[in-house]
Amino acid sequence: MSTPAVRMNALTKTFAAPVGSHGPPVKAVDAVDLTIRPGEVVAFLGPNGAGKTTTVDMLLGLTEPTSGSVEVYGVSPRRAVAAGRVSAVLQTGGLLPDFTVRETVRAVAALHGRPDRVDHVLERAGLGELAGRLVQACSGGEQQRLKFALALVPDPDLVVLDEPTTGMDVGARRDFWDTMRADAAAGRTIVFATHYLAEADEFADRTVLMARGRIVADAPTVEVRAAYGGRSVTFRPPPEAVHPEGVDPAWLEQVRDRLAPLGVTDLDVSSASLEAAFLALTATPEEALR
Ligand SMILES: Nc1ncnc2c1ncn2[C@@H]1O[C@H](COP(=O)(O)OP(=O)(O)OP(=O)(O)O)[C@@H](O)[C@H]1O
């Protein structure tokens, strides 16, 4: 079997309680075991404070685990980063405002010894036409695309993205994911943390759901949705059956009657969603009882 792209073993990170709070230490990541194969596209989903960013930071060697281990392509994250095998688009980390887009990419490409990659990554990130623009004149979404271009400079085997489409409009978000999809099809491994359930749903083969530092679900995205979000049949009713207050109940009754001979019972108009799975799996025990 080939070396996994990522292997986490009982990965744990504990932070001291904030100064003055006298509380117990915070277990941001709690004994996480996770293996990711080359070429997988994995979404990390979870509510605020679930431990996604801390996990990503350890994956990139930015933070050392308190205990347990993480390897990237069989070596420590730092070695993998130094070898250009993994790179990231992070929420934090500034760009230089007085550089143009092209100058920024050129500088990073020089650091990596890959000046040949400048035009290619500008194109991949959809920045060809913006290459001459100053960074400070770029919108938030355009700056995010620039960070993405920088991450592609070393031609990494693994790209780690923390909330990559923050600040992008719908069109830019779609273009971004089209690019990522093409890269994944070409064999790049992609791990991304997101708050957008729809992005995990549309893009990730596999969803890892985190809550309170632990993995609460880890399965193909379609299975997570089906197992916890319920299955549903959706359809578009004819316009005459749709009233301002909703679907005409008499019309729905007719549908039920006609479907009954087919063995369909308990027809319900509801949409199964990853959101339902997300809420079911990440609720605290107290919330779940409500
Ligand atoms: N440097 C730190 N010092 C103390 N506690 C921290 C530190 N970094 C993170 N934490 C705590 O660890 C827990 C996990 O945080 P983390 O940022 O990993 O969550 P997250 O899932 O990425 O959240 P978000 O979706 O809000 O970005 C939180 O309770 C957070 O307050």
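Residue numbers run consecutively from 1 along every chain, following the written order of its sequence. A pLDDT threshold of at least 70 governs which residues receive local features in this predicted model, and a stricter bar of 80 or more applies before side-chain atom pairs are shown or counted, although totals over entire chains, interfaces and linings include all residues.

In the annotation of an unreviewed UniProt entry, the entry for the protein reads ABC-2 type transport system ATP-binding protein, and the organism field reads Nocardioides marinisabuli. UniProt positions are given in the numbering used here, feature names are shortened, and annotations may be inferred rather than shown by experiment. Among the UniProt annotations of the protein, the heading Subcellular location (unreviewed entry) holds the following wording: "Cell membrane".

Asks: Sorry, what's going on with the overall build of the protein here?
Replies: A run of DSSP states H or I qualifies as a helix once it reaches four residues; a run of E qualifies as a strand once it reaches two. Both are numbered from the N-terminal end. Along the protein, the regular secondary structure elements total eleven helices and eleven strands. Evaluated residue by residue, the protein yields a buried proportion of 33% over its 290 residues. For the protein, the share of sequence-separated contacts (at least 6 apart) that also reach a separation of at least 24 residues comes to 68%. Burial in this document is a count-based property: other C-beta atoms within 10 Å of a residue's C-beta are tallied, and the residue is buried at 20 or more, exposed at 12 or fewer, or partly exposed in between, with C-beta positions derived from the backbone. Here, residues touch in the contact sense if the C-beta positions derived from the backbone fall within 7 Å of one another.

Asks: Teacher, can you tell me more about the site of the ligand here?
Replies: Whether a residue is near a molecule or strand depends on its C-beta atom, placed from the backbone, lying within 6 Å of it. Around the ligand, the structure places Phe15, Val26, Ala28, Gly46, Asn48, Gly49, Ala50, Gly51, Lys52, Thr53 and Thr54. At the level of secondary structure, the elements contributing two or more residues to the shell around the ligand comprise strand S2 (26-36) and helix H1 (52-59). When residues in the shell around the ligand are grouped by element, the largest group, three residues, is from H1. Three residue categories are used. Nonpolar comprises Ala, Val, Leu, Ile, Met, Phe, Trp, Tyr, Cys and Pro, charged comprises Asp, Glu, Lys and Arg, and polar comprises the others, including Gly. Taken together, the residues of the shell around the ligand break down into four nonpolar, six polar and one charged.

Asks: Sorry if this is basic, but what is going on with the pairing of strand S9 (residues 214-220) here?
Replies: As a general feature of sheets, a regular strand has side chains that alternate between the two faces. When DSSP locates at least two bridges between a pair of strands, those strands are taken to pair. Pairing geometry for strand S8 (residues 206-211) and S9, over six bridges, is antiparallel. When the sheet's bridge partners are listed, Arg206 is paired in S9 with Pro220. The hairpin turn running from S8 into S9, its antiparallel successor, is two residues long, and Arg212 in that turn takes a positive phi close to 50°.

Asks: Can you help me understand the sheet that holds strand S4 (residues 67-72) in this one?
Replies: Two pairing modes exist for strands in a sheet, parallel and antiparallel, and in both the strands are linked by backbone hydrogen bonds. Pairing is antiparallel in the open sheet, where three strands are placed in the order S2-S1-S4. Each end of this open sheet is capped by a strand with a single partner; those strands are S2 and S4. Averaged over all adjacent pairs, the angle separating strand axes in this sheet is 20°, with direction ignored. As judged from the five bridges shared by strand S1 (residues 6-15) and S4, these two strands associate in the antiparallel manner. Residue Arg7 lies in a different strand from S4, and its bridge partner there is Glu71. In this analysis, axes come from line fits to C-alpha atoms, helices being fitted only over the stretch in contact, and the angle between any two N-to-C directions falls in the range 0 to 180 degrees.

Asks: Even after reading the chapter, I still don't get the nonpolar core, so can you show me in this structure?
Replies: Across soluble globular proteins, you tend to see nonpolar side chains buried next to one another. The nonpolar core criterion groups buried Ala, Val, Leu, Ile, Met, Phe, Trp, Tyr and Cys residues into a set whenever they are joined through C-beta atoms within 7 Å. Counting 65 residues, the largest nonpolar core has Phe44, Val105, Ala149 and Val160 as the members making the most contacts within it. The element contributing the most residues to this core is helix H5 (residues 140-152), with six residues. In this view, Ala149 contacts Val105, Val121, Leu122, Arg124, Ala125 and Leu127; residues no more than four positions away in its chain are not counted.

Asks: Just checking my understanding: could you explain the sheet that holds S9 for this structure?
Replies: Taken together, six strands build an open sheet; the order of strands is S5-S6-S7-S3-S8-S9 and the sheet is mixed. Of all the strands in the sheet, just strand S5 (86-89) and S9 have a single pairing partner and so form its edges. Direction aside, neighbouring strands of the sheet carry axes that sit 15° apart on average. Helix-sheet contacts for H5 involve S5 and strand S6 (158-162), and the interaxial angle to S5 is about 175°.

Asks: Explain the packing of helix H3 (residues 101-111) against H5 here, please?
Replies: The geometry of a pair of packed helices is captured by two quantities: the angle between their axes and the separation between those axes. The contact between H3 and H5 brings their axes to 9 Å, and the two run at 25°. On the basis of their axis angle, the class for H3 and H5 is roughly parallel. H5 is crossed by H3, and the crossing has right-handed handedness. Listed contacts from H5 to Val101, Thr104, Val105 and Val108 of H3 are Leu146, Ala149 and Leu150. Among the residues forming the contact of H3 with H5, the class breakdown is six nonpolar, one polar and no charged. Oblique is the label for every angle not falling under 35 degrees (roughly parallel), over 145 degrees (roughly antiparallel), or within 65 to 115 degrees (roughly perpendicular). Each crossing is labelled by how the near helix is turned from the far one, with a counterclockwise turn of less than a right angle marking it left-handed and a clockwise turn marking it right-handed.

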